[in-house]
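# Results of the structural survey
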Amino acid sequence: MAFLDFHFFSDALGLTCSAWIIIPQPSTRQIGMDGGVLREKYPTLYLLHGLSDDHTIWMRRTSIERYAAEKNIAVVMPAVGRSFYQDMASGQKYWTFVSEELPALCERLLPLSTAREDRFAAGLSMGGYGALRLGLALPERFAAVASLSGALDMPRRARDAGKPGSRVSLDEWIGILGPKLQIDGTNADLQFLARKLASSPAPKPGIYLACGTEDELLEDTRAFRKHLDTLRLPATYVESPGAHEWGYWDAQIQRVLDWLPLSKVTR
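Here is what the cut-offs are and how they apply
Residues numbered from 1 in each chain as written. Predicted model: local features only at pLDDT ≥ 70, side-chain atom pairs only at ≥ 80, totals over all residues. Heavy atoms only, no water. Pairing = 2+ DSSP bridges. Helix = DSSP H or I, 4+ residues; strand = E, 2+ residues; numbered from the N terminus. Axes fitted to C-alpha atoms, helices over the stretch in contact; angles between N-to-C directions. Contact = heavy atoms within 4.5 Å. Salt bridge = Lys/Arg side-chain N within 4 Å of Asp/Glu carboxyl O. Buried < 20%, exposed > 50% of the residue type's maximum accessible area, 1.4 Å probe, protein only. Core = buried A, V, L, I, M, F, W, Y, C linked by side-chain atoms within 4.5 Å. Lys, Arg positive; Asp, Glu negative; His and termini not counted. Polar contact = N/O pair within 3.5 Å; in protein donor to acceptor, adjacent residues only side chain to side chain.

## Observations regarding the sheet that holds strand S6 (residues 144-148)
The mixed open sheet is built from eight strands, whose spatial order is S1-S2-S4-S3-S5-S6-S7-S8. Across the chains shown, the open sheet's two edge strands, defined by having one partner strand only, are strand S1 (2-10) and strand S8 (236-240). Between one strand axis and the next, the sheet turns through 15 degrees on average, direction left out of account. The sheet strands contacting helix H9 (residues 246-259) are strand S3 (44-48), strand S5 (119-124), S6, strand S7 (206-212) and S8, and the helix crosses S7 at an angle near 160 degrees.

Encoded structure:
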């Protein structure tokens, strides 16, 4: 695999930013790693971080490079701060950045496929929310999305802003969502997006939901699965022992890569 520390200017954010990217590199002499089949364009997983992390975290806490090499898939890991993947009320437009600008830029500059069937997203916690939003809001672009321990109930988080125990302060939520803290029935509300998708002729992305039974966000995943069942939107659901920690996510990202509907020969 080739590893890129990718620095570029974002018009959406108005600043130079970074992403870490790994791209398959066919090889015959690399010890301990086999090169995959050479392809003109590679399928791509947009892999999103959680609230307290950045674009480096998946490489630092898991063996995502080894796992992706086995599948001959590229992985793009951007940074969005603590934005909850929103176009912030008082801040940068991170939703525009992740959903529009970043894929277009990467696919223009790098050997990444532009086909829907080759584009995927996954993430943990805040990033699980971001990944599902990509798939539900842009089903014509993403073939499959996965949430690991996802913070999926954004309307509830907005209603609970400022309450004791929150990882995000009231002022921070106001900066993200605006003073009304109202996102029910908007395109930042995953349940609203799922209802829209269920009633539309748009293609339906594959959905993978996983959460540990000791995880504080388990009820978010259970509730969203129930919502999808009501709408008759199919999803792969995994509930197993685990907490909100990297051992669980390292194991689950391997399962996600096995689950992805890779449409062509990968090895």
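## Structural notes on the pattern of salt bridges
Under the definition given, this model contains 14 salt bridges. Across the salt bridge formed by lysine 71 and aspartate 258, the nearest N and O atoms sit 2.8 Å from each other. With lysine 71 in helix H2 (residues 64-71) and aspartate 258 in helix H9, this residue pair connects regions lying 187 residues apart in the sequence. Classification of aspartate 258 as exposed rests on a relative accessible area of 54%. Ionic pairing is found between arginine 141 and glutamate 140, a salt bridge with its closest N-O pair at 3.8 Å.

## Some words on the nonpolar core
Judged by nonpolar contacts, the single largest core of 61 residues is most densely connected at Phe84, Cys106, Trp173 and Phe224. The dominant element in this core, judged by the number of residues it contributes, is helix H3 (residues 94-109), at seven residues. Residues within four places of cysteine 106 in sequence aside, it is in contact with Phe6, Ile21, Tyr46, Val76 and Leu112. With 33 residues, the next largest nonpolar core counts Leu47, Ala68, Ala69 and Leu124 among its residues.

## Things to note about the side chain of aspartate 250
Tracing the sequence through the fold places aspartate 250 in helix H9. For the buried aspartate 250, which has no salt bridge, the nearest side chain bearing the opposite charge is arginine 66, at an N-O separation of 6.6 Å. A distance of 2.9 Å separates the side chain of aspartate 250 from the side chain of tyrosine 67, its partner in a polar contact. Leaving out residues up to four positions away in the same chain, aspartate 250 has contacts with Thr62, Ser63 and Tyr67.

## Details of the environment of glutamate 101
Mapping glutamate 101 onto the fold places it in helix H3. A residue is classified by how much of its surface remains accessible, and glutamate 101, at 17% relative accessible area, is buried. Each C-alpha atom of the pair glutamate 101 and serine 10 lies 7.6 Å from the other, and the pair is 91 residues apart in sequence. The contact partners of glutamate 101, leaving out residues within four places of it in the chain, are Phe9, Ser10, Asp11, Ala12, Leu13 and Thr96.

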